[in-house]
Amino acid sequence: MTAGGTALPAPVDGASGDKPFAAPGSVRPLEIETTLAGQVQDHLAAGNDHAARDLFAQIVTRQQRRASRIAWHYLRDVAEADEAVQDAFVKAYTHIASFQRHLSFEVWLTRILINGCLDRQKARTRRSRWMLPVADAGRRDQEIIEHATRPADRSPEAQLLAREWRDQLIAEVQKLPDRQRLVFMMCHYADHSTRDVAEMTGLNESTVRVHLFRAIRKLRKAMEGRRHAI
Amino acid sequence: MRFENRLAPTGSHLSDDQLLEVYVLAGDNRHLHSCRQCTTRFDELVRSLRHMHEAAVREADSTFTAERLQDQRERIMRRIERHDHPAEVVAFPQRTANQPAVHRLLGPARRWVAAAAAAGLAAGMFLGFAMDRRIHYAVVDHSAPQSAPAPARQAELRDDQFFLEVEAALVGSRVREMRPDLGAIDLMTTPLEIREVTYVRE
């Protein structure tokens, strides 16, 4: 199969359907990314690096937004999230020979990405133990986001409420225990089913559901009485 | 008893946790079909969770704009390309078979000339250094006492200087008397041997 011979549908961008995340227990059909990854393997095995890179570029285009969202919600730092995404894709390409075609490429990539994000978080914790913060990068990023997400037609009061609500939600998500946070973010932000998350994390699917349940319950309790100002 | 058929402990309605269980487990609770109040609460739950999701997605997408993603994609592809074509390590240049060695270019006679030139250079440098050292020591010997005279020694030197000047004046008068136009007077007097008086330092 040639690199340019595959007509691809537009990448799925965000959640669709009634629920914010994929239905728990739903079986994901074999994604186009998985097929493309198999073709990349074939091209690399045949020594056709250029075609392999072209195909991988398509995978990057389709997956990078989703990957960036995950990394951003994990790290809360634009530059670091950007680097984590780059590292994950490069690692996926360099180790694509070990990818098993009957599994989901998206799940495999996400697993690589999460491991990278966790490593970065650990490194950050180590750094913060020994070093004083040079600049509040998170706040700077936050200001950029505030500026970018501010709709012109919203009153200043509504903007302020929306900001407070979002800040509160972020703070509450950060307060969740590690596993609950991981499961919540994967299901809620990255649109993965509980089965996918179980596959990524190595947890039992029912355990994933319990973590998700507890995470949502905590968040709802914490956010109770707060107006949805968005 | 399956959870779908459990009822809320409060009575005939599902609790918040049970609604959440329906949502997370994608279960189908019969009660939800019949109870309008619980259906409304369930819809509210779904709406609030969707709202959380949308807010999170909007925030992330406003951070990672299309330009940033394009830039990210280019950097990823550059890194992958570098991986496929790692930078070549330039080998140390080796003599190829058709490239004659330097000693072949220089014949036996030329080699002797080169060796003699090198020896001459070395000898010249050695002599140069030796001469330089001798001159250097001589200069150092002559100038050493002047370098740091003590105060008592300075007074002594001033006296010496004074005596030297006196002596020079005396000798100078004699020399003046020996001028050719005064030769006749000189003849009439006892010849005087004029010696240069030098001051010998202790």
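Rules used throughout
- Residues numbered from 1 in each chain as written.
- Chains lettered and ligands numbered in written order.
- Predicted model: local features only at pLDDT ≥ 70, side-chain atom pairs only at ≥ 80, totals over all residues.
- Helix = DSSP H or I, 4+ residues; strand = E, 2+ residues; numbered from the N terminus.
- Buried ≥ 20, exposed ≤ 12 C-beta atoms within 10 Å, placed from the backbone.
- Contact = placed C-beta atoms within 7 Å.
- Axes fitted to C-alpha atoms, helices over the stretch in contact; angles between N-to-C directions.
- Parallel < 35°, antiparallel > 145°, perpendicular 65-115°, else oblique.
- Nonpolar A, V, L, I, M, F, W, Y, C, P; charged D, E, K, R; others polar.
- Left-handed = near helix turned anticlockwise from the far one by under 90°.

**Student:** Explain the overall build of chain B here, please?
**Tutor:** The number of helices and strands found in chain B is 8 helices and 0 strands. Put simply, chain B has 202 residues, and 10% of those count as buried. Sequence separation of 24 or more characterises 35% of the internal contacts of chain B that already satisfy a separation of 6 or more.

**Student:** Where do I start with the packing of helix α7 (residues 178-189) of chain A against helix α9 (residues 205-223) of chain A in this structure?
**Tutor:** Packed helices, taken two at a time, are described by the angle between their axes plus the distance between the axes. Residues and elements named next belong to chain A. Relative orientation of the contacting elements α7 and α9 amounts to 90°, with a least axis distance of 8 Å. As the angle between them shows, α7 and α9 are arranged roughly perpendicular. Contacts from R179, Q180, R181, V183, F184 and C187 in α7 reach V208, H211, L212, R214 and A215 in α9. Residue composition of the contact of α7 with α9, grouped by class: 6 nonpolar, 2 polar and 3 charged.

**Student:** In this structure, what is going on with the packing of helix α1 (residues 16-25) of chain B against helix α3 (residues 36-63) of chain B? I would like to understand it.
**Tutor:** Residue and element names in this part refer to chain B. The geometry of α1 relative to α3 is characterised by a closest axis approach of 10 Å and an angle of 60° between their N-to-C directions. Classed by the angle they form, the pair α1 and α3 counts as oblique. Seen along the crossing, α1 lies across α3 with a hand that is right-handed. Only R41, F42, L45 and V46 of α3 make contact with α1, whose side of the interface consists of L19, L20, V22 and Y23. Residue composition of the contact of α1 with α3, by class: 7 nonpolar, no polar and 1 charged.

**Student:** Where do I start with the interface of chain B and chain A in this structure?
**Tutor:** Of the residues lining the interface, 32 residues belong to chain B; the matching set on chain A comes to 43 residues. For the side of chain B that touches chain A, the secondary-structure elements that each account for two or more residues are α1, α3 and α4 (66-84) of chain B. Sort the elements by how many residues they give to the side of chain B that touches chain A and α3(B) lands first, with 14 residues. Grouping the constituent residues of the side of chain B that touches chain A by class yields 16 nonpolar, 6 polar and 10 charged.

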